[in-house]
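Here is what each chain is made of, one letter per residue.
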Amino acid sequence: MAEELQNRVALVTGGSRGMGRATAIALAKEGASVAINYHRGADEAFGADEDAAANAVKQEIEDQGGRGLLLPGDLADDVAARGLVHDVMAHFQGLDILVCNAGICPMTEFLDISTELFDHMHAVNLRGHFACCQEAAKVMIGQGRGGRIVAISSMSARLGGEHQAHYCPPKSGIHSLMQSMALALGPPGISL
């Protein structure tokens, strides 16, 4: 175990599948307590039970002796996104690491992208990350011990994608958001 992660608390958004799942398990293996955010509405996209997927991650964390917490919530909802941080604080009494991994990408022809879909992609893939990051930064500064914020972007942010004109702009925005946050949050000891 990495000594630096002992007694640390992490929140991983989109933690029930893929990179988020792997990140949550890896953090737990290194000694961190991990809150796993997932969206129950993703059942349709994945054709599977998101509660079951999230429970499997939590079980794996607990089987290796770690502590896990399940936090269902939709990042498109600003109140829910900010509430994740408060739920972590209420349960673990601290937050040291935020991994913004949640994201959606329904492949869609450019001419078929509705304004509603475009806005929803920005709400989940950028605004939700902003809300989580801002709330987490407030907590980390208040704790006085710094912290880490990691946001997952995509190669599509730089390369574009034929069926991703609604996905690429918010992913590019994540890159810019992290650059700006690094300048604002470096002095109080938060690394990005």
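Everything here concerns the structure above.
The rules behind each value
- Residues numbered from 1 in each chain as written.
- Predicted model: local features only at pLDDT ≥ 70, side-chain atom pairs only at ≥ 80, totals over all residues.
- Heavy atoms only, no water.
- Helix = DSSP H or I, 4+ residues; strand = E, 2+ residues; numbered from the N terminus.
- Buried < 20%, exposed > 50% of the residue type's maximum accessible area, 1.4 Å probe, protein only.
- 1 Å grid on protein atoms, 1.4 Å probe; cavity = no way out; pocket = protein on both sides within 12 Å on 5 of 7 lines; lining within 4 Å.
- Points joined across faces, edges and corners; volume = space filled by probe spheres on them.
- Salt bridge = Lys/Arg side-chain N within 4 Å of Asp/Glu carboxyl O.
- Pairing = 2+ DSSP bridges.
- Right-handed = clockwise from strand over helix to strand, strands pointing away.
- Expected span 1.5 Å × (residues − 1).
- Bend = angle between axes of the 7 residues up to and from the residue.
- Axes fitted to C-alpha atoms, helices over the stretch in contact; angles between N-to-C directions.
- Parallel < 35°, antiparallel > 145°, perpendicular 65-115°, else oblique.
- Left-handed = near helix turned anticlockwise from the far one by under 90°.
- Contact = heavy atoms within 4.5 Å.
- Nonpolar A, V, L, I, M, F, W, Y, C, P; charged D, E, K, R; others polar.

A. Spotlight on the environment of Asp 112. Here Asp 112 shows up in the loop between β4 (97–100) and α5 (115–143). Owing to a relative accessible area of 55%, Asp 112 belongs among the exposed residues under this scheme.

B. View of the layout of surface pockets. Empty space within the second largest pocket amounts to approximately 300 Å³. Considering the residues around the second largest pocket, the lining is formed by 14 residues, among which Glu 4, Leu 5, Asp 96, Ile 97 and Arg 148 are closest to the centre. Looking at the lining of the second largest pocket, the elements that each hand over two or more residues are α1 (18–29), β4 and β5 (147–151). Examining the composition of the lining of the second largest pocket, we find that three residues originate from one element, β5, more than from any other.

C. Quick look at the pattern of salt bridges. If you walk through the whole model with that rule in mind, you get eight salt bridges. Residues Arg 21 and Glu 60 are paired through a salt bridge, measuring 2.8 Å at the closest nitrogen-oxygen approach. Taken as a pair, Arg 21 in helix α1 and Glu 60 in helix α3 (residues 50–63) lie far apart in primary sequence, 39 residues in all. Of the residues examined, Glu 60 reaches a relative accessible area of 29% and is grouped as partly exposed. Residue Glu 135 pairs with Arg 82 through a salt bridge whose shortest N-O separation is 2.8 Å.

D. Broad picture of the pairing of β5. Burial of β5 is one-sided: the residues Gly 147, Ile 149 and Ala 151 facing one way are buried, the residues Arg 148 and Val 150 facing the other way are not. By the bridge criterion, four bridges tie β4 to β5 in an arrangement that is parallel. Each bridged residue has a counterpart across the sheet, and for Cys 100 the counterpart in β5 is Ala 151. Chirality of the crossover, the property in question, places the unit of β4, α5 and β5 among those that are right-handed. Strand direction decides the pairing type here: β5 and strand β6 (residues 190–191), joined by two bridges, are parallel. Counted as the bridge partner of Arg 148 is Ser 191 from β6.

E. Layout of unusual backbone geometry. With a phi close to 65°, Asn 7 is a non-glycine residue in the positive phi region. With respect to the helices and strands, Asn 7 occurs in the segment before β1 (9–12). Even without being glycine, Gln 93 reaches a positive phi, approximately 60°. Its place among the elements puts Gln 93 in the loop between α4 (78–92) and β4.

F. Looking closely at α5. The terminal C-alpha atoms of α5, which comprises 29 residues, lie 40 Å apart, in line with the 42 Å expected from a rise of 1.5 Å per residue. Ala 123 marks the point of greatest bend in α5, at about 40°. Of the residues one or two after α5, Gly 144 is the one with positive phi, at around 75°.

G. Structural detail: the packing of α4 against α5. Two numbers describe how α4 lies on α5: the axes approach to 8 Å, and their chain directions differ by 30°. The angle between the axes of α4 and α5 places the two elements in the roughly parallel class. In the crossing of α4 with α5, the sense of the turn from one axis to the other is right-handed. Between α4 and α5, the residues in contact are Asp 78, Ala 81, Arg 82, Leu 84, Val 85, His 86 and Met 89 and Arg 127, Gly 128, Phe 130, Ala 131, Cys 132, Gln 134, Glu 135, Ala 136, Lys 138, Val 139 and Gln 143, respectively. Considered class by class, the residues forming the contact of α4 with α5 number nine nonpolar, four polar and five charged.

By themselves, these observations are geometric and do not establish any function.
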